[in-house]
Amino acid sequence: MELLKQKIKEKGEQVRALKAQKADQSLVDAEVAAIVELKKQLNGITGEDNKNKNKILLKVPKGTRDYNEIEMAIREKVFSTIISVFKRHGAVTIDTPVFELREILTGKYGEESKLIYNLEDQGGELCSLRYDLTVPFARFLAMNGTQSIKRYQIAKVYRRDQPAMTKGRMREFYQCDFDIAGNFDPMIPDSEVIKIMIECLTELDIGKFTIKVNHRKILDGIFEICGVPEEKIRPISSAVDKLDKSPWKDVRDEMTNEKGLDPIVADRIGEYVKLKGGKDLLEKLYQDQKLCANKNAKGGLEDLVLLFKYLEVFEVLDMISFDLSLARGLDYYTGIIYEAITEHSGPPTLEDGTKVERKLKKDSDEFDETTIGVGSIAAGGRYDKLVGTLVGRTNSDIPCVGVSIGVERVFSILLQKYKPEQVKANEVEVYVIAVGDGLLEDRMKVCAELWNAGIKAEFMYKAKPKLQPQFSTCDRYQIPFAVIIGKDELDIGQVRIKDMRSKEQGGGGGSSVKRSDMITELKLRLGKV
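Residues numbered from 1 in each chain as written. Predicted model: local features only at pLDDT ≥ 70, side-chain atom pairs only at ≥ 80, totals over all residues. Heavy atoms only, no water.

Caption draft 1: Looking closely at the environment of Ser 404. Tracing the chain through its elements places Ser 404 in strand β14 (residues 400-405). Residues Ser 404 and Gly 381, spaced 23 residues apart in sequence, show a C-alpha to C-alpha distance of 9.3 Å. Excluding anything up to four places from it in sequence, Ser 404 contacts Gln 175, Cys 176, Asp 177, Ala 378 and Ala 379. A polar contact is formed between the side chain of Ser 404 and the side chain of Asp 177, at a distance of 2.8 Å. (Helix = DSSP H or I, 4+ residues; strand = E, 2+ residues; numbered from the N terminus. Contact = heavy atoms within 4.5 Å. Polar contact = N/O pair within 3.5 Å; in protein donor to acceptor, adjacent residues only side chain to side chain.)

Spelled out as structure tokens, the structure:
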């Protein structure tokens, strides 16, 4: 037994050494598997297997989490706020299956395709859990022949990521998507989608944020004039997209060492992708004759001129940053792309494990370790070719543009903002309290009357509850009003209504009203009339 323990210890040291050396993952996995086998042998000797074989390990699967009632109250507020904005702009909602045929999802996400969660063969169909809500939406359009729709969808998506909650990698999380599909004049729907994103984030009250904007055609034009081979454009674009959280040196190394780009070409790209600004940058790029001679880049610049014009009409242009480092890693984007970032500071690891990102020091490639932000909280763009790709005919393309609100990151920000005692987890408006003999059936009758009138109400599930626990329940759950009944009041057809938010203490206080006027008086106080 001691020999087995020694072997386990030695293997553990080998695993740590391999990780420190950044050895191939297969070598690490092999050593970990050996440790597992040794532990099984040890358990067989000590009898631990017999002790534990009937025990169930109570935990959620890796990469997932539970939410308590306080957290869910905040999340429901987030969802309702977002939905109200979506509906304000005329959107309808749809629903799609949580899994799709694998061939629908394959090849749509570039390097991210490796994270698709494949399922086992069932009845001759190969399926995968949805990676996002965009590709299923495109499939919905293609299948139903829908040529024009303004839709939203809020649902869970899945990533076959190696779960690491401390680094924000989750296997299951929500996306809140808004999309406009159809043939319209350039940049009109795009500008409204950005306006919707700003309205959502403003009404969620997450603090100061900025919308970064770029255009895939401008990026492609930059890559072309800098000398990037066509087959490397998307991989290089994916590397550029990491500039928000990695210094240029690391991004350049990825381009040259990992993706085989000529260092001279990488340096040319660097002269462009470090640029950011507003209308001033747009004007500067228009002065670049080589860039404007490129068809892709010229088309992208023309789109941005229109976009900035419409955003100015919507009075949100001051929240926009034209950022040439923004690339968005997914392959299906074809035009305008954007993301919202916040400088909300917080701990390196948020309570739900959301990944945090370090900010670069101004005019430097070094990180400012004193400032921590949660990074992108919403993102999207135009994807005009995705429907046609699914159908297999370019003449079946349906232009689309959309945005996804990062509800998990928004939730992380709001979770830090609110103290638990400030959050009302239930929506109960009235608590029915008995003074004296319990009056269970009378309390039940009053509650039934309140429910029938559309008032949210509760009572204590005891035949003869003491008075103080009933009042304590109101305090604990922040119930604003109490209807207090006693035998004397009931005999003369009256009840007492007490505002539990007032300074009055104990069982006294409140105002007596006729039982027949109780509903009217409560609705008046609750603002329901």
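The rest of the description comes next.
Caption draft 2: How the structure looks around the sheet that holds strand β2 (residues 99-101). Spatial strand order, β2-β4-β3: three strands in an open sheet with antiparallel pairing. Each of the sheet's edge strands pairs with one partner strand only, and the pair in question is β2 and β3 (117-118). Summarising the sheet, β3 and strand β4 (residues 127-129) pair through two bridges and their orientation is antiparallel. Looking across to β4, one finds that Asn 118 is bridged to Ser 128. (Pairing = 2+ DSSP bridges.)

Caption draft 3: Seen up close, the packing of aromatic side chains. Per the counting criterion, the structure on display carries ten aromatic pairs. Look at Phe 86 and Phe 178: their rings are 5.3 Å apart centre to centre, the planes differ by 45 degrees, and that puts the pair in the tilted class. Here Phe 178 lies in strand β6 (residues 172-181) and Phe 86 lies in helix α4 (residues 69-88), a separation of 92 residues in the sequence. The same class applies to Phe 86 as to Phe 178, namely buried. (Phe/Tyr/Trp six-rings, centres within 6.5 Å; stacked < 30°, edge-to-face > 60°. Buried < 20%, exposed > 50% of the residue type's maximum accessible area, 1.4 Å probe, protein only.)

Caption draft 4: Layout of the pairing of β14. Counting buried positions over the six residues of β14 gives six, a clear majority of the element. Residues Cys 400, Gly 402 and Ser 404 of β14 are buried on one face, and the alternating residues Val 401, Val 403 and Ile 405, pointing to the opposite face, are buried as well. Relative to β14, β6 runs antiparallel, the two being bridged by six bridges. Across the sheet, residue Ala 181 finds its bridge partner in β14, namely Cys 400.

Caption draft 5: Spotlight on the pattern of salt bridges. For the structure shown, the criterion picks out 32 salt bridges. Here Glu 429 makes a salt bridge to Lys 528, at a shortest N to O gap of 2.9 Å. Highlighted residues: Glu 429 in the loop between α16 (407-417) and β15 (430-435) and Lys 528 in the segment after α20 (518-525), separated in sequence by 99 residues. The class for Glu 429 is buried, based on a relative accessible area of 12%. (Salt bridge = Lys/Arg side-chain N within 4 Å of Asp/Glu carboxyl O.)

Caption draft 6: View of the environment of Ser 511. Relative to the helices and strands, Ser 511 resides in strand β19 (residues 511-514). Distance in space between the C-alpha atoms of Ser 511 and Arg 496 is 5.3 Å, their sequence separation being 15 residues. Residues contacting Ser 511, with those up to four places away along its chain left out, are Val 495, Arg 496, Ile 497 and Arg 525.

Caption draft 7: Structural context of the pairing of strand β7 (residues 209-215). Of all seven residues in β7, six are buried; the element is thus mostly enclosed. Sheet topology note: the β7/strand β10 (residues 336-342) ladder contains seven bridges and is antiparallel. Pairing of His 215 across the sheet is with Ile 336, part of β10. Sheet topology note: the β7/strand β9 (residues 320-323) ladder contains three bridges and is parallel.

Caption draft 8: Representation of the side chain of Arg 65 in the model. Relative to the assigned elements, Arg 65 resides in the loop between α3 (48-52) and α4. At 2.8 Å, the side chain of Arg 65 and the side chain of Glu 71 are in polar contact.

Caption draft 9: Main features of the sheet that holds β19. The strand order across the open sheet built from five strands is β16-β15-β17-β18-β19, with neighbouring strands paired in mixed fashion. Only two strands of the sheet have a single partner each, and these edge strands are β16 (457-459) and β19. Mean inter-strand twist for the sheet, computed between neighbouring axes without regard to direction, equals 30 degrees. Inspection of the sheet shows strand β17 (residues 481-486) paired to strand β18 (residues 494-499) by four bridges, in the antiparallel sense. Bridge assignment links Phe 481 to a residue of β18, and that residue is Asp 499. Docked against the sheet, helix α17 (residues 440-452) engages β15, β16 and β17, running at close to 170 degrees with respect to β16. Along the sheet, helix α18 (residues 467-476) contacts β15, β17 and β18; its crossing angle with β15, the most-contacted strand, is approximately 170 degrees. (Axes fitted to C-alpha atoms, helices over the stretch in contact; angles between N-to-C directions.)

Caption draft 10: Molecular detail of helix α10 (residues 248-258). For α10, the set of buried residues is Trp 248, Val 251, Glu 254, Met 255 and Thr 256. Turning to α10, the residues buried within the fold contact α9 (233-240) and α11 (263-273). Note on α10: the residue one or two positions beyond its end, Gly 260, has a positive phi of about 70 degrees.

Caption draft 11: Quick look at the packing of α10 against α11. Where α10 contacts α11, the two axes come as close as 10 Å, and the packing angle between them is 140 degrees. Classified by the interaxial angle, the pair formed by α10 and α11 is oblique. The element α10 and its partner α11 pack so that their crossing is right-handed. Along the contact surface, α10 presents Trp 248, Arg 252, Met 255 and Thr 256, while α11 presents Pro 263, Ala 266, Asp 267, Ile 269, Gly 270 and Val 273. Here the contact of α10 with α11 is built from residues that sort into six nonpolar, two polar and two charged. (Parallel < 35°, antiparallel > 145°, perpendicular 65-115°, else oblique. Left-handed = near helix turned anticlockwise from the far one by under 90°. Nonpolar A, V, L, I, M, F, W, Y, C, P; charged D, E, K, R; others polar.)

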